[in-house]
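Single-letter residue listing:
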Amino acid sequence: MRQLSSYVIFGHSAPRFLLLAGVMVNLLLNSASNAQITSAENLGVILGGSKMPLSDPLTNSAPTTPSESVFEANPGPWGRLQCAYVYLEAPKSLIEGFPLPSPTPRWTLPASEFSEVPALFARAGLSQTIIDQLLLPQNVIKRDGLVHLLPPLPTLENLPPESRAIIYTEFSKYPENEYLVDPVLIIGTSVDEWYRRSKLRPEIIQKIKKMSYMRGETIAFSDIPALLNYASTDSEARAIFKACTRTRNLMIRLMLDKNANADEIIKYWSFGVGIRRKDIEPLVLSIMELEGVDDLGISHLLPALARKLLYTYPGLDMAKHGVMPDCHWTSLNFFNYEPHEYLLDARLATSQVLENFIPVNPPYQYADVLFFLDNTTGDAFHSCVHLADNIVYTKNGRNILSPWVIMKLEDVKKVYLYKGNGRIQGFRRKDIAAEKASQTEQ
């Protein structure tokens, strides 16, 4: 997407576990679903928009207070938005369809890069004794142009977070290291809080905490294979893997009390130009007239397809075209009643943007598509849809373990812009932009 004037190049969002492509590698070395909401706190209570603590998330084990789990968005033409953090995990039926990875930890790199490994370990602050142990012949497997390092579990578990971050950042350059490329990301809170209401034993949570590291501003955890060593049963191993699909997102309700500005709210959620007003106006007005009910779930304000997909995981039936929906398919299908499957093709998705959208600058409005662009190549490596107050609708990965969710834009940035080499460019549908322009001229 170079200046977005002549053509757009769509990259691929990092998928959760890369569709578990590395499962078979692990095994060789050793021989339509709905989301499940697992935590929702005080959905009916707004205590104000306090911010998360600035203490070190790797050491902060204090439980999150209600004011951090529940907040009110900034006011605007979108109305008053009541927000609460909820946690999704992939449903059990989906997890049972995947073979668990081998519990043997593995780092893989091209054989041509193996000579650089001792220097990498030294740069990461490892002692020469630990380096020698990691490079013992029994811990190194060379096969088909690749080198597989099998770090002993005690050594792996005791790596300092700073050393782990340096090593994993380097090894994440190689797609064979699926859990390093696409780690579990714990955004905006602590490990303890992230798993506080999960079904994991406290001992397992402490192992996750011990083996976590920082990726930019976000806590990352990549040692799922190692973690499986501490499962007492097969069912617990699957529960651990299931918990590693955990995703934090927002559940939002629009407050519609007697003081709400109905005309302004209806206009905003109709894309600001009256499109879909006939779908939204009767519902908003009826809620405002109803005694005892003064809020509306934000999903009711979304177009049909987004409303259907929100808070769910893709079913296996969505793979019938040979590729799973990704962020770009999600963003460009936002306006559609039924999905346009041709948007799975990067070339055709590029054409859709160039023909039907124009670039726009902040402040973004409802239904603007935000593309995350590489500063060097211009590639669009992620996209999402702006809803209100820098809250976005997104799918973070092209696979069945990535749900459709609502997140703060700042949290999405932590996932995709942590390297500091990207930027965001907004795009607006031409017909919406044209109608807005004509309204301004009148």
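Look above for the structure.
Fair warning: this is a prediction, and the values are worked out from it, not measured in the lab.

## Side note on the side chain of lysine 414
- Of note, lysine 414 is situated in helix α18 (residues 409–416).
- Taking the relative accessible area as the measure of exposure, lysine 414 reaches 18% and is therefore buried.
- Beyond its immediate sequence surroundings of up to four residues, lysine 414 is in contact with Ile187, Arg215, Glu217 and Thr218.

## Regarding the environment of proline 118
- With respect to the secondary-structure elements, proline 118 resides in helix α4 (residues 117–123).
- Residues within four places of proline 118 in sequence aside, it is in contact with Ile131 and Leu135.

## Considerations on the side chain of lysine 209
- Position of lysine 209 relative to the elements: it lies in helix α10 (residues 202–210).
- In terms of polar contacts, lysine 209 uses its side chain to reach the side chain of aspartate 192, at 2.9 Å.

## Concerning the nonpolar core
- With 129 residues, the main nonpolar core has Trp107, Phe121, Leu149, Phe171, Tyr195, Trp269 and Phe334 as its most contacted residues.
- With six residues, strand β14 (residues 380–388) is the largest single contributor of residues to this core.
- In this view, tyrosine 195 contacts Val184, Ile186, Leu200, Ile205, Ile208, Ala243, Cys244 and Arg246; residues no more than four positions away in its chain are not counted.

## Some details on the pattern of salt bridges
- Counted by the stated rule, this structure contains 23 salt bridges.
- One salt bridge connects aspartate 295 with arginine 253, and the closest N-O pair in it is separated by 2.7 Å. Taken together, the residues aspartate 295 in strand β11 (residues 295–297) and arginine 253 in strand β10 (residues 247–255) connect sequence positions 42 residues apart.
- With its nearest N and O atoms 2.8 Å apart, the salt bridge here joins aspartate 326 to arginine 398. On the criterion of sequence distance, the pair formed by aspartate 326 in the loop between α15 (304–309) and α16 (327–332) and arginine 398 in the loop between β15 (391–395) and β16 (404–408) is long-range, its members being 72 residues apart.
- Accessibility expressed as a relative area gives 2% for aspartate 326, which makes it buried.

## Section: helix α17 (residues 346–356)
- Buried within α17 we find Ala349, Thr350, Gln352 and Val353. The arc that holds every buried residue of α17, seen down its axis, measures 155 degrees, which confines them to one face. Turned more than 90 degrees off the buried face of α17, the exposed positions are Arg347 and Glu355.
- Taken together, the buried residues of α17 touch α16, β12 (357–360), β13 (369–374) and β17 (422–429).
- Its side-chain oxygen placed 3.0 Å from the backbone nitrogen of arginine 347, aspartate 345 serves as the N-cap of α17.

Quick notes on the rules
Residues numbered from 1 in each chain as written. Predicted model: local features only at pLDDT ≥ 70, side-chain atom pairs only at ≥ 80, totals over all residues. Heavy atoms only, no water. Helix = DSSP H or I, 4+ residues; strand = E, 2+ residues; numbered from the N terminus. Buried < 20%, exposed > 50% of the residue type's maximum accessible area, 1.4 Å probe, protein only. Contact = heavy atoms within 4.5 Å. Polar contact = N/O pair within 3.5 Å; in protein donor to acceptor, adjacent residues only side chain to side chain. Core = buried A, V, L, I, M, F, W, Y, C linked by side-chain atoms within 4.5 Å. Salt bridge = Lys/Arg side-chain N within 4 Å of Asp/Glu carboxyl O. Arc of directions from axis to C-beta.

No statement about biological role is implied by the geometric values presented.
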